[in-house]
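Report on the structure
These are the residues of each chain, in order.
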Amino acid sequence: MNRIDAIMDEAAKLYQKRFAESCQEIQRELEKKWDRLEEELRVLLEQLAWKAKAMHQDGRKGMGKYLMISHLYSSFLSGSYEYRIEILDENMYLDQQECCDYWSPSILIPYIEGDHEYLRKAMSERYVRLREYESAKVIRDYQFFYHSLVFEIFSHLKERIEILNDYQLLYGEFMGEAIPI
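Summary of the structure given here. Bear in mind the structure is a predicted one, so any value in this text is a computation, not a measurement.

**Section: the overall build of the chain**
When you go through the chain residue by residue, the secondary structure sums to 4 helices and 5 strands. Projected onto its principal axes, the C-alpha coordinates of the chain cover approximately 60 × 35 × 25 Å. Counting only residues that meet the buried cut, the chain has 45% of its 181 residues in that class. Long-range pairs, those at least 24 residues apart, make up 70% of the contacts in the chain between residues at least 6 apart in sequence. For the chain, the accessible surface area stands at approximately 10,100 Å², while carbon and sulfur atoms represent 49% of it. In the chain, the 24 positive side-chain charges and the 33 negative ones have mean positions that sit 5 Å from each other.

**Focus on the packing of helix α3 (residues 109–126) against helix α4 (residues 132–157)**
Look at α3 against α4: their axes get within 10 Å of each other, and the N-to-C directions meet at 140°. Comparing the axis directions of α3 and α4 gives the class oblique. The two elements α3 and α4 meet at a crossing, and its hand is right-handed. On α4, the residues touching Y111, I112, D115, H116, L119, R120 and M123 of α3 are S135, V138, I139, Y142 and Y146. The residue inventory of the contact of α3 with α4, partitioned by class, reads 8 nonpolar, 2 polar and 2 charged.

**Points about the packing of helix α1 (residues 3–57) against α4**
The relative placement of two packed helices is expressed as an angle between their axes plus a distance between the axes. Where α1 meets α4, the axes come as close as 8 Å, and the angle between the chain directions of the two elements is 30°. By the criterion of interaxial angle, the relationship of α1 to α4 is roughly parallel. You can see that α1 and α4 cross each other, and the crossing is right-handed. Split by residue class, the contact of α1 with α4 holds 19 nonpolar, 3 polar and 6 charged.

**Some words on the packing of aromatic side chains**
The description of an aromatic ring pair uses the distance of the two centres, along with the angle that the planes make with each other. A complete count under the given rule lists 11 aromatic pairs for this structure. Look at F19 and F145: their rings are 5.1 Å apart centre to centre, the planes differ by 35°, and that puts the pair in the tilted class. Taken together, the positions of F19 in helix α1 and F145 in helix α4 put the pair 126 residues apart, joining distant regions of the chain. For the pair F19 and F145, a shared accessibility class is recorded, and that class is buried.

**Some points on the side chain of S135**
Inspection of the secondary structure assignment puts S135 in helix α4. Residue S135 is classed as buried on the basis of its relative accessible area of 6%. Of the polar contacts made by the side chain of S135, one reaches the side chain of R120; its length is 3.2 Å. Leaving out residues up to four positions away in the same chain, S135 has contacts with R120 and L130.

**A look at the pairing of strand β4 (residues 168–173)**
Two strands pair when backbone bridges link them, and strand β1 (residues 66–71) and β4 are joined in this way by 6 bridges, in the parallel orientation. Considered in β4, the bridge of L67 is made with L169. Summarising the sheet, β4 and strand β5 (residues 178–180) pair through 3 bridges and their orientation is antiparallel. Bridge assignment links L170 to a residue of β5, and that residue is P180.

Thresholds applied
Residues numbered from 1 in each chain as written. Predicted model: local features only at pLDDT ≥ 70, side-chain atom pairs only at ≥ 80, totals over all residues. Heavy atoms only, no water. Helix = DSSP H or I, 4+ residues; strand = E, 2+ residues; numbered from the N terminus. Buried < 20%, exposed > 50% of the residue type's maximum accessible area, 1.4 Å probe, protein only. Contact = heavy atoms within 4.5 Å. Areas by Shrake-Rupley, 256 points an atom, 1.4 Å probe, with all protein chains shown as cover. Lys, Arg positive; Asp, Glu negative; His and termini not counted. Charge placed at Lys NZ, Arg CZ, Asp CG, Glu CD. Axes fitted to C-alpha atoms, helices over the stretch in contact; angles between N-to-C directions. Parallel < 35°, antiparallel > 145°, perpendicular 65-115°, else oblique. Left-handed = near helix turned anticlockwise from the far one by under 90°. Nonpolar A, V, L, I, M, F, W, Y, C, P; charged D, E, K, R; others polar. Phe/Tyr/Trp six-rings, centres within 6.5 Å; stacked < 30°, edge-to-face > 60°. Polar contact = N/O pair within 3.5 Å; in protein donor to acceptor, adjacent residues only side chain to side chain. Pairing = 2+ DSSP bridges.

Okay, structure coming up:
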């Protein structure tokens, strides 16, 4: 087994435990701030839908069919933790006119950063001279847990934000595979 495989095996042992601990705190925080989160996303989505409809009426864009929420791997490495939210026409990724906005889940950022710091420190203690690309791989694989949480947030919002009923909701990697919400 090479070094990176050994690091990833060790990190995988930490992921479940750490995320379970974080999720308990996140759940309490979401219960307190759910209304604010919902309103923040409602405003963003309504503005985006208005923009897409205006572009369609001007003949610059096909009728919006999909609302895609995409996680951006690079944003987790850069610390901006953004998700791209876009309205696509029937051509999906071949849609010629971009209609998107970016959302950073501010309620989750302290937990994401805390988990990242915990993982970096734990792995640095286990592996002498942990290299930046090794640390980045650990963080990249851990992102999955937060992406699944954001998927769940949008699943719950689907019932509560009316504008979401106008589109087929998709979630996935930017310009990659997507699954329906």
